[in-house]
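This is what each chain is made of:
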Amino acid sequence: MTRDPLLDSANEDIYQLRTTAAGPQGRLPLTPELLNGMSSGDLFGLTQNAGMGWNPAHLLRRQFLILSTQGGVRAADGSPIALGYHTGHWEIGLLVEEAARTISSNGGLPFAGCVSDPCDGRTNGTAGMLDSLAYRNDAAIVLRRLIRSLPTRRGVLGIATCDKGLPAMLMALAGSPDLATVLVPGGVTLLAEEAEDTAKVQTLPARFARGEITLDHAADMGCRACGSPGGGCQFMGTAATSQVVAEALGLTLPHSALSPSGADIWRDLARRSALALMNLDKTGTTTRDILTADSIHNAMVLHAAVGGSTNLVMHVPAIAHAAGLPPPTATDWARLNRLVPRLVDVLPNGPRHFATVQVFLAGGVPEVMLHLRALGLLKLGARTVSGRTIGENLAWWEQSERRTRLREKLRQLDGIDPDEVIMSAERAKKIGLTSTVTFLQGNLAPEGALVKSTALTPALLNAEGVSHHEGPARIFTTEAAAIAAIKQSAVKAGDVMVLIGLGPGSGMPETYQISSALKHMKGGEHISLVTDGRFSGVSTGACIGHVSPEAWASGPIGRLRDGDIIRVRIDTRNLEGRVDVISVNASELSARTIHPDLKPDPRVPADTRLWAALQHASGGSWNGCVYDPDRIIRLLEIGQAAEKNHLAGS
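Structural notes, computed from the coordinates. In this text, all values refer to a predicted model and were calculated from it rather than measured experimentally.

### Structural notes on the nonpolar core
Ranked by size, the top nonpolar core spans 117 residues in total, and within it Leu-258, Leu-302 and Leu-372 carry the most contacts. Those residues in contact with Leu-372, other than ones at most four positions away along the chain, are Val-301, Leu-302, Ala-305, Val-340, Leu-343, Leu-377 and Leu-378. Among the nonpolar cores identified, the runner-up in size contains 28 residues, and Leu-460, Leu-461, Val-496 and Leu-598 belong to it.

Following this line, the structure appears as structure tokens:
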């Protein structure tokens, strides 16, 4: 008889079975007083701990939870058994191991859990991007539920790296105000030698379609972009910016952000962070003591100083909301961006485009903070998980051996002067570094829009640092139609691409494949992009996003037609500007219907539709795309009362 290998196995060992086993040896360390005061759950937890093989004599140690965004299955030699979604979470299981061993060797009892995360680069231009931003809230909820589901934990160590997993972890830690918490950023990948970086390779399809590169070039560069198997991308996108913001918030040890994944210095961070967590528990210091209005201020200041991703305009308010703090407004962002000079030259902003690992060697966040301290822009009294204030951390950093040796290492390895990577305000001003984000108004964005000022090539700016663009609108109601037009050279210099229907109502997907294609195509710098969607943190060019109200909320952007003349003015020094339609007046525009080609995207899943409704009820993207339970419940009650009155009247 032929054996079907899918239905049965030829391996005789599978029939070597038992129904009983000896169980763990030893005894639970119980006393009458302890047992009398225990819940059944406490006792069952001890039983489970022993069942998993922990020495029963050590089960009453202080318990600490390590949560991570680990993904994939990695063999001991580093080879893949099952791939993760991205390099950012591929190696962080090693950090979990280092932290757990440190907790155990110092008398604690470590637990570990994970909520893996998606890759925005992998899902750009696909239906997967419709789940990206919504995932953040879901992950934060699950992470908080995991924290609460281990009632005996004394503190939480969060380990995360990338675009949505790290903001979700920060929201989860912020939402645990009564616990000691520490964040370990998962680091960055190295630059690949003689290869394009992970931002530029995403433009290979568009460049090939336009005949600008060969197939061999695309195959070679696409294979070699990741210099090392672990870590977030090499540029100051959302992943790297979130690491910087985490450190500025005080939730990491000093000089934690942007560490090279896999290196000994990266592993050492996990060990020291575990010790910091245990010390916080010992001193009774909780997240509420760390996350304050001053730490939110410092996070926004660092965001501006490093030229960070515009996505943090959504993530920082969400972290503040989770901590029960007033979320920063667009006015707050604009005010600080006017005050804070950009001090860091890093991909994608330039001018020399250093990598994130080179920013780390140049001194990372503490080095940037030294310059900000000199300008009086930091809240130096804000507490951090080191047990010291920001000011005290900086006093250590300034005289530290670590600072001296790493900055010298950058000179030795790459021949780079660290002061050209992280600059003084005087040097930054001398070479004309633009500030980070400009917030716009106008009749197309009555509630606001934003553009990454650092993304504008100097060729687009006049002597006053102002960019002007006036041109005909080319309306696209899907991202697929927009990228097809670029590949087919159907848009030309002077056009204004208007991409509508990509706001929160459809999941607010990134449109990086559009902005990156414009950057790398010939003449693309003379095409502006205006959208109610958002961009990757590595986007460049005159890309205006977060236009609000969005098309799905009947915003004026949804009433545009091909040929309407759009005027864009961006002042990168005063950080203000406008985006207006000038070929029709306000009454004509408001009398129009929504663009006839704008249709609901059938690929938007029900989960994301629910996310869109909940975040809209909670204040929308300018409030961080959060869930505000009190506001949602109030609106539901109003709706239910109205429905009851309607039924009674009928």
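That was the structure; now back to the text.
### Some points on the packing of helix α13 (residues 293–306) against helix α17 (residues 364–374)
The geometry of α13 relative to α17 is characterised by a closest axis approach of 11 Å and an angle of 100 degrees between their N-to-C directions. Relative to α17, the element α13 is oriented roughly perpendicular. On α17, the residues that touch Val-301, Leu-302 and Ala-305 of α13 are Val-365, Val-368, Met-369 and Leu-372. For the contact of α13 with α17, the per-class residue count stands at 7 nonpolar, no polar and no charged.

### Observations concerning helix α14 (residues 312–322)
A large share of α14 lies buried, amounting to 9 of its 11 residues. Of all the positions in α14, only Leu-312, Val-313, Met-314, His-315, Val-316, Pro-317, Ala-318, Ile-319 and Ala-320 are classed as buried. Of the residues flanking the end of α14, it is Gly-324, one or two places downstream, whose phi is positive at about 75 degrees.

### Topic: the pairing of strand β1 (residues 62–68)
Taking burial as the measure, the 7 residues of β1 include 6 buried ones, the bulk of the element. Note: β1 against strand β4 (residues 108–114), 7 bridges, orientation parallel. In the sheet register, Arg-62 faces β4, and the bridge partner there is Gly-108. Pairing analysis gives 6 bridges linking β1 to strand β5 (residues 153–160), with the strands arranged parallel. What sits directly across from Leu-67, in β5, is Gly-158.

### Considerations on unusual backbone geometry
Cis peptide bonds are those with omega within 30 degrees of zero, and the linkage from Leu-347 to Pro-348 qualifies with 0 degrees. Residues Ser-548 and Pro-549 are joined by a peptide bond in cis, for which omega reads 0 degrees. Positive phi, close to 55 degrees, is recorded for Glu-194, a residue that is not glycine. Tracing the backbone shows Glu-194 in the loop between β6 (180–185) and α8 (204–209). Exposure remark for Glu-194: the relative accessible area of 72% places this residue in the exposed category. Its identity as a non-glycine residue notwithstanding, His-255 has a phi of 60 degrees, on the positive side. Relative to the helices and strands, His-255 resides in the loop between α10 (238–248) and α11 (264–283).

### So, the environment of Ser-261
In this structure, Ser-261 sits in the loop between α10 and α11. Considered as a pair, Ser-261 and Ala-305 are 44 residues apart in the sequence and their alpha carbons are 24 Å apart. If near-sequence neighbours (up to four positions away) are discounted, Ser-261 is found in contact with Glu-91, Gly-186, Val-188, Gly-230, Gly-231 and Trp-266. A distance of 2.6 Å separates the side chain of Ser-261 from the side chain of Glu-91, its partner in a polar contact.

### Quick look at the packing of aromatic side chains
Aromatic ring pairs are described here by two measures, namely the spacing of the ring centres and the angle between the planes. Enumeration according to the criterion identifies 2 aromatic pairs in this entry. Considering the side-chain rings of Phe-439 and Trp-622, the 6.2 Å spacing of their centres and the 50 degrees angle between planes classify their relative orientation as tilted. One end of the pair, Phe-439, is in strand β7 (residues 437–441); the other, Trp-622, is in the loop between α25 (606–617) and α26 (629–649), with 183 residues separating them in the sequence.

Parameters and conventions
Residues numbered from 1 in each chain as written. Predicted model: local features only at pLDDT ≥ 70, side-chain atom pairs only at ≥ 80, totals over all residues. Heavy atoms only, no water. Core = buried A, V, L, I, M, F, W, Y, C linked by side-chain atoms within 4.5 Å. Buried < 20%, exposed > 50% of the residue type's maximum accessible area, 1.4 Å probe, protein only. Contact = heavy atoms within 4.5 Å. Axes fitted to C-alpha atoms, helices over the stretch in contact; angles between N-to-C directions. Helix = DSSP H or I, 4+ residues; strand = E, 2+ residues; numbered from the N terminus. Parallel < 35°, antiparallel > 145°, perpendicular 65-115°, else oblique. Nonpolar A, V, L, I, M, F, W, Y, C, P; charged D, E, K, R; others polar. Pairing = 2+ DSSP bridges. Polar contact = N/O pair within 3.5 Å; in protein donor to acceptor, adjacent residues only side chain to side chain. Phe/Tyr/Trp six-rings, centres within 6.5 Å; stacked < 30°, edge-to-face > 60°.

All quantities given are derived from atomic positions and should not be read as evidence of function.
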